[in-house]
Amino acid sequence: MAVMHVGNLVRRRAVLVGLSVVAIAVGVGVVVGAVDAGSPRYIVFSGAPSDASPQLYRIQSSGGGLQQITTGADSALDPAYSPGGQRIAFTRLGVGIFTMNPDGTGLRRLTTGGRDSYPAWAPSGGRIAFVRPVGAEWRVFVLSTSGGTPHMLGKAPPSGRPSWTKAGLFIP
């Protein structure tokens, strides 16, 4: 009987952790994507269900299949699906901006700025906009997804989170 009681506690804790992660997803910001119509649709989000640094998780939009897709001591934040759903860009706090496959494989570092944040894909999928501190202001930079040197959009005012439209880059 004691074994059944411990088993029930373990199951309850697993359910509570799962619900906590889903609740965090709603509060942190959600990005939805899919590779094609036949594949499951996933929600990717940053969450910290324990005392660890926030990491990226994915869950099917139906609520099943929760998976942690990043690990490490540095927080993983700001996930953004590429337009076709093939890649995810995200911030690794204190390290830079990375891309990876939706299952967490194929990790690729794009920037080395420890405070680079809020990656946003161009509609073509060929460039990523993000913000980086320059002096006391946050400025918008653009970088090719194949790598290279980011360039600052000098005429853009100090900014918040950038986003793209089909007509071009929107800078709030």
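Position labels on residues start from 1 in each chain and follow its written sequence. Residues qualify for local features only when their pLDDT is at least 70, as the model is predicted, and side-chain atom pairs are given and counted only at 80 or more; totals for whole chains, interfaces and linings, by contrast, use all residues. Excluded from the side-chain calculation are hydrogens and water; included are all heavy atoms of the structure.

## Observations regarding unusual backbone geometry
At Asp78, a residue that is not glycine, the phi angle is positive and equals roughly 55 degrees. Looking at the element boundaries, Asp78 is found in strand E5 (residues 76-81). A positive phi is found at Tyr118, a non-glycine position, where the angle reads about 55 degrees. By the secondary structure assignment, Tyr118 is in strand E9 (residues 117-121). Where helices and strands are cited, they refer to DSSP runs of H or I of at least four residues and of E of at least two residues respectively, numbered from the N terminus.

## Regarding the pattern of salt bridges
A pair is scored as a salt bridge if a Lys or Arg side-chain nitrogen falls within 4 Å of a carboxyl oxygen belonging to Asp or Glu. Considering all chains together, one arrives at 2 salt bridges under this definition. The closest approach of N and O atoms between Arg132 and Asp116, which form a salt bridge, is 2.7 Å. One end of the pair, Arg132, is in strand E10 (residues 127-134); the other, Asp116, is in the loop between strand E8 (108-109) and E9, and 16 residues separate them in sequence. Of the two residues examined, Arg132 and Asp116, each falls in the buried class. When the shortest N-O distance is used, the salt bridge between Arg139 and Glu137 registers 3.4 Å. Think of it in three bands: with a 1.4 Å probe and only protein chains considered, a residue is buried below 20% of the maximum accessible area for its type, exposed above 50%, and partly exposed in between. A relative accessible area of 13% means that Arg139 is categorised as buried. Here Glu137 falls in the partly exposed class, since its relative accessible area comes to 36%.

## Comments concerning the pairing of E10
Across 3 bridges, E9 lies against E10 in antiparallel orientation. From the neighbouring strand, Ser117 faces E10, where its bridge partner is Val131. Note on pairing: two strands pair once DSSP finds at least 2 bridges between them. Joining the antiparallel neighbours E9 and E10 is a turn of 5 residues, in which Gly125 adopts a positive phi near 80 degrees. As paired strands, E10 and strand E11 (residues 137-144) are joined by 8 bridges and run antiparallel to one another. Bridging from a neighbouring strand, Val131 pairs with Val140 of E11. Hairpin remark: E10 followed by E11, antiparallel, with 2 residues in the connecting loop; positive phi at Gly135, about 65 degrees.

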